Amino acid sequence: MSEARNQYVDDPKQGFIALVADLAAISGPDGLTLLEIRDRLDERAFGLMILILAIPCLVPALYGVPQIVGIPILILAVQMLAGRVEPWLPDAVLQRRVSKAWLERMADFATKRMGWFERLSRPRLTVFAEGWAERAAAFFMILATLTIVLPMTNTVPSVALTLLAVGLIQRDGLFVAAGAAVATGWATALAAVGIGFFVGAGWAVSLITRLGG
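Reading the values: rules and limits
Per chain, the residues get numbers from 1 upward, laid out in the order the sequence is written. Totals for whole chains, interfaces and linings use all residues, but because this is a predicted model, local features are given only for residues with pLDDT of at least 70 and pairs of side-chain atoms are given and counted only at 80 or more. Remark: hydrogens and water are excluded; side-chain values derive from all non-hydrogen atoms of the structure. Here a helix means four or more residues in a row that DSSP labels H or I, a strand means two or more in a row labelled E, and each is numbered from the N terminus. By the convention used here, residues are in contact when the closest approach between their heavy atoms is within 4.5 Å. The predictor attaches a confidence to each residue, called pLDDT, with possible values from 0 through 100. Residues are called lining when one of their atoms sits within 4 Å of a cavity or pocket point, these points coming from a 1 Å grid over the protein atoms alone, where a cavity is a set in which a 1.4 Å probe fits but cannot get out and a pocket is an open set with protein on both sides within 12 Å along at least five of seven lines. Grid points are joined across faces, edges and corners, and a volume is the space filled by probe spheres set on the points. The nonpolar class holds Ala, Val, Leu, Ile, Met, Phe, Trp, Tyr, Cys and Pro. Asp, Glu, Lys and Arg form the charged class, and all remaining residues, Gly among them, are polar. Residues enter a patch when their relative accessible area is above 30% and they make no salt bridge; the linking distance is 9 Å between like charges and 5 Å between nonpolar side chains (Val, Leu, Ile, Met, Phe, Trp, Tyr). Each accessible area is a Shrake-Rupley estimate made with a 1.4 Å probe; only the visible protein chains count as cover when residues are assessed. The working definition used for a salt bridge is a side-chain nitrogen of Lys or Arg within 4 Å of a carboxyl oxygen of Asp or Glu. Categorising residues by exposure relies on relative accessible area from a 1.4 Å probe, with only protein chains included: less than 20% of the type maximum marks a residue as buried, more than 50% marks it as exposed, and the intermediate range marks it as partly exposed. Between N or O atoms, a polar contact is any pair within 3.5 Å; within protein, one atom must be a potential hydrogen donor and the other a potential acceptor, and residues adjacent in sequence are included only when both atoms are from side chains. Throughout this description, the term nonpolar core refers to a set of buried Ala, Val, Leu, Ile, Met, Phe, Trp, Tyr and Cys residues connected via side-chain atoms within 4.5 Å.

Caption draft 1: Summary view of the overall build of the protein. Secondary structure summary: the protein contains 11 helices and 2 strands in total. The order of helices and strands in the protein, counted from the N terminus, is α-α-β-α-α-α-α-β-α-α-α-α-α. Here the analysis covers contacts within the protein between residues at least 6 apart in sequence; of these, 76% occur between residues at least 24 apart.

See below:
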């Protein structure tokens, strides 16, 4: 763990909104690299990094950004599932720079729109937010991320990711359970639509074939 991490976010009780605001405040004119962001987070680094990556994807019908941030989210979630303690990302990803303007927008969004997440979340049902439950949460993060990259369908799985990340950060098992439910429900709904489309298309082709014959 880098010493720089404790320089700015050494209070484990500091809320996630304050942590996001701190990142914007300490960033230079060129922003921060993902490496610098990682090295300024505490033991909640997995949840915080995933939350920071998921926040921009809460914007409805967004295209482009979810497909980009989905890759590091998947990498982080797979590491959580494997039981890794500290986040690892390829050097090429760690050197990607997050602009100061984007960090400030994230901090502004978190302060204005996500205050209720922080107010409602608190340590409870911790059996669902620690230990084995972290790996279970990682599975549902992977499930949500696989659907977040689909065009124009990013908001609902981003809500799931946010609930899961906040639940892990705040050790709130209720938030983790809610995030898992949203991720499962959304994936099920998309699967049902896909199956329905496939079955309907097959039926239509069969009907046209019979009418044409």
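Once the structure has been displayed, the description carries forward.
Caption draft 2: Examining the confidence of the model for the protein more closely. Overall, the prediction assigns the protein a mean pLDDT of 80, with 83% of residues at 70 or greater. Overall, residues 1-12 carries pLDDT values under 50, and its contacts beyond four positions in sequence, including any with other chains, amount to 26 contacts.

Caption draft 3: Looking closely at the side chain of Thr-162. Within the element layout of this structure, Thr-162 appears in helix α10 (residues 155-170). Apart from residues lying up to four places away in sequence, Thr-162 is in contact with Leu-51, Ala-54, Leu-58, Met-114 and Phe-117.

Caption draft 4: Geometry of empty space enclosed by the protein. If you walk through the whole model with that rule in mind, you get 1 cavity of 30 Å³ or more. The computed volume of the largest cavity comes to approximately 70 Å³. Around the largest cavity, the lining residues are Leu-34, Ile-37, Met-49, Ile-52, Leu-53, Pro-56, Val-98, Trp-102 and Met-106. Within the residue set of the lining of the largest cavity, elements represented by two or more residues are α3 (34-38), α4 (45-54) and α7 (100-113). Counting residues per element, the lining of the largest cavity draws most heavily on α4, at 3 residues. Grouping the constituent residues of the lining of the largest cavity by class yields 9 nonpolar, no polar and no charged.

Caption draft 5: Focus on a nonpolar patch on the surface. Together, Leu-125, Val-127, Phe-128, Trp-132 and Leu-174 make up a nonpolar patch on the protein surface, roughly 510 Å² of accessible area in all. In this structure, Phe-128 sits in the loop between α8 (115-120) and α9 (132-148). On the accessibility criterion, Phe-128 (38% relative accessible area) is partly exposed.

Caption draft 6: Local environment of the side chain of Gln-170. In this fold, Gln-170 is placed in helix α10. Given the relative accessible area of 15%, Gln-170 is considered buried. Within the local environment of Gln-170, its side chain forms a polar contact with the side chain of Ser-121, the two groups lying 3.2 Å apart. Here Gln-170 is in contact with Phe-16, Arg-44, Glu-118, Ser-121, Arg-122 and Pro-123, once residues within four sequence places are set aside.

Caption draft 7: Looking closely at the pattern of salt bridges. Under the defined criterion, the tally for this structure stands at 6 salt bridges. For Arg-38, the salt bridge identified is with Asp-39, shortest N-O distance 3.4 Å. Here the two residues Arg-38 and Asp-39 agree in accessibility, since each one is buried. As a salt-bridge pair, Arg-171 and Glu-134 come within 3.7 Å of each other at their nearest N and O atoms. Remark: Glu-134 occurs in helix α9 and Arg-171 occurs in the loop between α10 and α11 (173-212); sequence separation between them is 37 residues. Residue classification places Glu-134 among the partly exposed positions, given a relative accessible area of 27%. Taken together, the shared-partner salt bridges in this structure form one network comprising Glu-130, Glu-134 and Arg-171.

Caption draft 8: Focus on unusual backbone geometry. A positive phi is found at Leu-125, a non-glycine position, where the angle reads about 45°. Its place among the elements puts Leu-125 in the loop between α8 and α9. Located in the positive-phi region is Arg-171, a residue other than glycine, with phi close to 55°. Classification of Arg-171 by relative accessible area gives partly exposed; the value is 23%.

Caption draft 9: Here's a closer look at the nonpolar core. Counting 54 residues, the largest nonpolar core has Phe-16, Ile-37, Ile-50, Leu-51, Leu-103, Met-141 and Leu-161 as its most contacted members. In contact with Met-141, not counting residues within four places along its chain, are Ile-50, Ala-77, Met-80, Leu-161, Leu-164, Ala-165 and Leu-168.

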